[in-house]
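# Examining the three-dimensional arrangement
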Amino acid sequence: MNRLVRLELLKLRRRWLIWILLGLLVAGEALTIFGGYYLAVSGTMTFLDERGQILPIEMVLPNFILPGALRAVLGLAQQVGSWLLVILTAVVIGMEEAYGTLRLILISGIGRTRYLAMKLTTLFIVVVSFVGTAVISGMGFALIVANVAEIPITPTPVEGSVWLSSFAMAVRTIVALTVPVVIAFVATLLSRSQTIGIAIGLVYFLAESVVNGLLALLGESGQQIALLLPGTHIQALMAHNQFNSQGLIPGYLPSQPIAGLVLLSYILVLLGIAWALFVRRDIRSGSSQ
């Protein structure tokens, strides 16, 4: 299995797509930190808190240095990654179908279950690497801001260990990104098409946001229905990405353990369905885009 995963990662490293996606992530992190700092210092933009009130500059600037910047860069990684990793997932899962080589791979003795496990392991490593890249690049940009800042900035207060809090924030982001990756994985695997996998992966959360907006009009009953959707639980997990308890978390969101349990259930159910159908279906030797 380790050899198969290494070979899969080697194939990925030789594709321009993975480096383009990581480049877009790093560029987005730089824009978030440097652009946000400039807008705050110049007074070009006002920043609001959870209550919609304007924040004074001394409460805004800590978000662009460590450790406060980690919340911003991980939030961006989750938002951007939900799109970029869906595209990458469809490519990783659909490349053998697209080139008509899946049958040859399976009859070589790998087996369908090992094949799926290899693909999932590869994708998980990619997700972890994506979040790790966001953390490392964000820390670098935040250190630059701290060194060039013309006014003193008081760092964000931290309750407990900053390292444990940072690790927990990274884990929440990994879990939040795993859900759209699994959706794209299952859609591509069952449709045998990279295009359909990308379309379903990208459209799903757009559609869910529209549905959530409509459910919000129904009041409390709509909020209860929204609890059945994975996007609500992703939002709940990411809302806990903070270093202290002063930040407000909307009361309609589920608790962190419930959100994690529901998302894990979605992941296991989707993967179980994909596995059950994949191991029984006929593998075509033609190409599929």
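Heads up: the structure comes first, above all this text.
Reading guide: rules and limits
- Residues numbered from 1 in each chain as written.
- Predicted model: local features only at pLDDT ≥ 70, side-chain atom pairs only at ≥ 80, totals over all residues.
- Heavy atoms only, no water.
- Helix = DSSP H or I, 4+ residues; strand = E, 2+ residues; numbered from the N terminus.
- Contact = heavy atoms within 4.5 Å.
- Areas by Shrake-Rupley, 256 points an atom, 1.4 Å probe, with all protein chains shown as cover.
- Lys, Arg positive; Asp, Glu negative; His and termini not counted.
- Charge placed at Lys NZ, Arg CZ, Asp CG, Glu CD.
- Salt bridge = Lys/Arg side-chain N within 4 Å of Asp/Glu carboxyl O.
- Patch = residues over 30% accessible without salt bridge, like charges linked within 9 Å, V, L, I, M, F, W, Y side chains within 5 Å.
- Axes fitted to C-alpha atoms, helices over the stretch in contact; angles between N-to-C directions.
- Parallel < 35°, antiparallel > 145°, perpendicular 65-115°, else oblique.
- Left-handed = near helix turned anticlockwise from the far one by under 90°.
- Nonpolar A, V, L, I, M, F, W, Y, C, P; charged D, E, K, R; others polar.
- Core = buried A, V, L, I, M, F, W, Y, C linked by side-chain atoms within 4.5 Å.
- Buried < 20%, exposed > 50% of the residue type's maximum accessible area, 1.4 Å probe, protein only.
- Expected span 1.5 Å × (residues − 1).
- Bend = angle between axes of the 7 residues up to and from the residue.
- Polar contact = N/O pair within 3.5 Å; in protein donor to acceptor, adjacent residues only side chain to side chain.
- Phe/Tyr/Trp six-rings, centres within 6.5 Å; stacked < 30°, edge-to-face > 60°.

When its secondary structure is counted, the protein shows 11 helices and zero strands. If one aligns the C-alpha atoms of the protein with their principal axes, the spans along those axes are about 65 × 45 × 35 Å. Of the contacts formed within the protein by residues at least 6 apart in sequence, a portion of 80% connects residues at least 24 apart. Accessible area for the protein stands at about 14800 Å²; split by element, carbon and sulfur atoms hold 69% of it. Computing the positive centroid from 17 side-chain charges and the negative centroid from 12, the protein places the two 21 Å apart.

Applying the stated criterion across every chain, the model contains two salt bridges. Its salt-bridge partner being E8, residue K11 comes within 3.2 Å of it at the nearest N-O pair. Residue K11 and its partner E8 are located together in helix α1 (residues 2–13), separated by three residues, close to a single helical turn. Among the charged side chains, a network of salt bridges with common partners joins E8, K11 and K119.

This paragraph deals with a nonpolar patch on the surface. Taken together, the side chains of W16, W19, I20 and L24 make up a nonpolar region of the molecular surface, amounting to roughly 510 Å² of accessible area. Relative to the assigned elements, L24 resides in helix α2 (residues 16–42).

Glancing now at the packing of α1 against helix α6 (residues 112–148). Relative orientation of the contacting elements α1 and α6 amounts to 55°, with a least axis distance of 9 Å. Between α1 and α6, the angle falls in the class oblique. Once α1 is placed against α6, the crossing between them reads as right-handed. Where α1 abuts α6, its residues L4, V5, E8, L9 and L12 lie against R114, M118, K119, T121, T122, I125 and V126. Per-class residue counts for the contact of α1 with α6 are seven nonpolar, two polar and three charged.

Moving on, we come to the nonpolar core. As a rule of thumb, nonpolar side chains are buried together in soluble globular proteins. Counting 67 residues, the largest nonpolar core has L85, L88 and F130 as the members making the most contacts within it. At the level of secondary structure, the elements contributing two or more residues to this core comprise α1, α2, α4 (69–99), α5 (102–110), α6, α7 (162–191), α10 (230–239) and α11 (256–278). Examining the composition of this core, we find that 13 residues originate from one element, α6, more than from any other. Discounting chain neighbours no more than four positions away, the residues touching L85 are V126, V127, F130, L177 and V181.

Here α2 is 27 residues long and its end C-alpha atoms lie 38 Å apart, about the 39 Å a rise of 1.5 Å per residue gives. Where α2 is concerned, the buried positions are I18, L21, L22, L25, E29, A30, I33, G36, Y37 and A40. Positive phi appears at G43, one or two residues downstream of α2, with a value of about 75°.

Turning our eyes to something else, we now look at helix α8 (residues 194–216). Given 3.6 residues per helical turn, the α-helix brings residues three or four places apart onto the same face. Spanning 23 residues, α8 covers 33 Å between terminal C-alpha atoms, matching the ideal 33 Å at 1.5 Å per step. At V203, α8 is bent by approximately 25°, the largest bend along its length. Those residues of α8 that fall on the buried side of the exposure criterion are Q194, G197, G201, L202, E208 and L215. Two to three positions downstream of the cap, the backbone nitrogen of T195 sits 3.3 Å from a side-chain oxygen, assigning the N-cap of α8 to S193.

For the rest of this paragraph, the subject is the environment of E159. Considering the arrangement of structural elements, one finds E159 in the loop between α6 and α7. Separated by 80 residues in sequence, E159 and Q79 have C-alpha atoms that sit 26 Å apart.

This paragraph deals with the side chain of Q194. Examined against the element boundaries, Q194 turns out to sit in helix α8. Polar side-chain contacts of Q194 include one of 3.3 Å to the backbone oxygen of G94.

Moving on, we get to the packing of aromatic side chains. One pass over the full model with this rule turns up three aromatic pairs. Where Y115 meets F278, the ring centres are 5.9 Å apart and the plane angle is 20°; that geometry is what we call stacked. One end of the pair, Y115, is in helix α6; the other, F278, is in helix α11, with 163 residues separating them in the sequence. Of the two residues examined, Y115 and F278, each falls in the buried class.

On to the packing of α7 against α10. Contact geometry of α7 with α10 gives a least axis separation of 9 Å together with a crossing angle of 165°. Regarding the angle of α7 to α10, the classification is roughly antiparallel. For α7 against α10, the interelement crossing comes out left-handed. When α7 is examined against α10, the residues R172, T173, V175, A176 and V179 are found in contact with a partner set consisting of P230, I234, L237 and M238.

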